[in-house]
Amino acid sequence: MPVLPGAEPFRHEGGEAGVLLCHGFTGSPQSLRPWAQYLSEHGLTVSLPLLPGHGTRWQDMALTGWQDWYAEVDRELRALSERCSSVFVAGLSMGGTLALRLAAKHGDAVSGVVVVNPANRMHGLAPYALPVARHFVRTAPGIASDIAKEGSVELGYDKVPLHAAHSLRTFFRQVDGELPQVTQPLLVLRSAQDHVVPAADSARVLSRVSSTDVTEIVLEQSYHVATLDHDAERIFDESLAFIGRHTTGIGSEGTAARG
């Protein structure tokens, strides 16, 4: 299936400092593209891949699972590590979960982690029905575009494939057990009001990681997709400052982005 307009991956060849950005569940690179462009304009090498099953139609996503999504960002991290002297991982929602697992698994190859409204578990009673319900019901209502800013829209599926949701639940459990392996500097940005991922998820991440250099910032004016919301510029500025504190590879200009 062709990729939806706006959902294409983004890559930019910049300096010696690299950043891997990971988008969220049922979303696409569109939700992080302004962030990726901002970082590239400040001289960083940036990779924002399209996760398997995303950016086309929900039926494609129903055929994928967390191993597929993680394998994609793992490959991108390895490629960036060959190109850059320092690499940071960042993500929104499930993308934050992917970034945390990369940090846990790759150790010193990751210089720091930035997560926006990171997801850690599925809440309520509905997830407990997933192992059985996914065989009888194909989808649930979509979760895209939880944004306070008027006119801002996230490019994401209007349905959640339950097979993929079941895999996501498994992934959350997997990563929760690996969080103590995260030792890198960590920046957590969470929205004060989020209708998709509660603040409890960020609190759980902060309580489980072994990082000693930890910063938490509350975004007062944004909902879940904060990277497209009122606090987007603050996310961009804070992440750049965070990277700058932990590397010397940032310049003021970069080359033209591609993709």
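Whatever comes next refers back to the structure up there.
These remarks concern the structure in this document. (Residues numbered from 1 in each chain as written. Predicted model: local features only at pLDDT ≥ 70, side-chain atom pairs only at ≥ 80, totals over all residues. Heavy atoms only, no water.)

Digging into the overall build of the protein chain
- Summing up its helical and strand segments, the protein chain has eight helices and nine strands in all.
- For the protein chain, the C-alpha radius of gyration of 17 Å lies close to 18 Å, the compact-globule estimate for 259 residues.
- In terms of principal-axis extent, the alpha carbons of the protein chain reach across some 55 × 40 × 35 Å.
- Evaluated residue by residue, the protein chain yields a buried proportion of 55% over its 259 residues.
- Per element, the accessible surface of the protein chain, about 10,800 Å² overall, is 51% carbon and sulfur.
- For the protein chain, the separation between the mean place of its 21 positive charges and that of its 28 negative charges on side chains is 9 Å. (Helix = DSSP H or I, 4+ residues; strand = E, 2+ residues; numbered from the N terminus. Rg over C-alpha atoms; globule rule 2.2 N^0.38 Å. Buried < 20%, exposed > 50% of the residue type's maximum accessible area, 1.4 Å probe, protein only. Areas by Shrake-Rupley, 256 points an atom, 1.4 Å probe, with all protein chains shown as cover. Lys, Arg positive; Asp, Glu negative; His and termini not counted. Charge placed at Lys NZ, Arg CZ, Asp CG, Glu CD.)

With respect to the pairing of strand E5 (residues 112-116)
- Burial of E5 is extensive: five of the five residues sit out of reach of the surface.
- The side-chain alternation of E5 yields two buried faces, one formed by Gly 112, Val 114 and Val 116 and the other by Val 113 and Val 115.
- For the handedness criterion, the β-α-β arrangement of strand E4 (residues 86-92), helix H4 (residues 94-106) and E5 is classed as right-handed.
- One ladder, built from four bridges, connects E5 with strand E8 (residues 186-191); its direction is parallel. Counterpart to Val 115 in the pairing with E8 is Val 188. (Right-handed = clockwise from strand over helix to strand, strands pointing away. Pairing = 2+ DSSP bridges.)

Here's the deal with helix H8 (residues 232-245)
- With 14 residues, H8 extends 20 Å from end C-alpha to end C-alpha; this agrees with the ideal 20 Å at 1.5 Å per step.
- Against the buried residues of H8 lie strand E2 (17-22), helix H1 (33-41), E4, E5, E8 and strand E9 (214-219). (Expected span 1.5 Å × (residues − 1). Contact = heavy atoms within 4.5 Å.)

Quick word on the packing of aromatic side chains
- Enumeration according to the criterion identifies four aromatic pairs in this entry.
- Ring geometry for Tyr 38 versus Phe 236: centroids 5.5 Å apart, planes at 35°, classification tilted. With a gap of 198 residues between them, Tyr 38 in helix H1 and Phe 236 in helix H8 connect regions that are remote in the sequence. For the pair Tyr 38 and Phe 236, one class covers both residues: buried.
- Above the face of the Tyr 70 ring, Arg 101 is positioned so that its terminal group lies 4.6 Å from the ring centre. (Phe/Tyr/Trp six-rings, centres within 6.5 Å; stacked < 30°, edge-to-face > 60°. Lys NZ or Arg CZ within 6 Å of the ring centre and 35° of its normal.)

Quick word on the sheet that holds E8
- With respect to topology, seven strands assemble into an open sheet ordered E1-E3-E2-E4-E5-E8-E9, the strand pairing being mixed. Both edges of this open sheet fall to strand E1 (10-12) and E9, since each of them pairs with a single strand only. Direction aside, neighbouring strands of the sheet carry axes that sit 15° apart on average.
- Seen against the sheet, H8 touches E2, E4, E5, E8 and E9 and runs at an angle of roughly 170° to E8. (Axes fitted to C-alpha atoms, helices over the stretch in contact; angles between N-to-C directions.)

Brief notes about the pattern of salt bridges
- A full pass over the atoms with the stated rule returns 13 salt bridges.
- For the salt bridge of Arg 204 with Asp 176, the shortest nitrogen-to-oxygen distance reads 2.8 Å. On the criterion of sequence distance, the pair formed by Arg 204 in helix H7 (residues 199-208) and Asp 176 in helix H6 (residues 162-178) is long-range, its members being 28 residues apart.
- Among the residues examined, Arg 204 registers a relative accessible area of 34% and is labelled partly exposed.
- Residue class for Asp 176 comes out buried when judged on its relative accessible area of 14%.
- With a closest N to O distance of 3.6 Å, Arg 234 and Glu 238 form a salt bridge. (Salt bridge = Lys/Arg side-chain N within 4 Å of Asp/Glu carboxyl O.)

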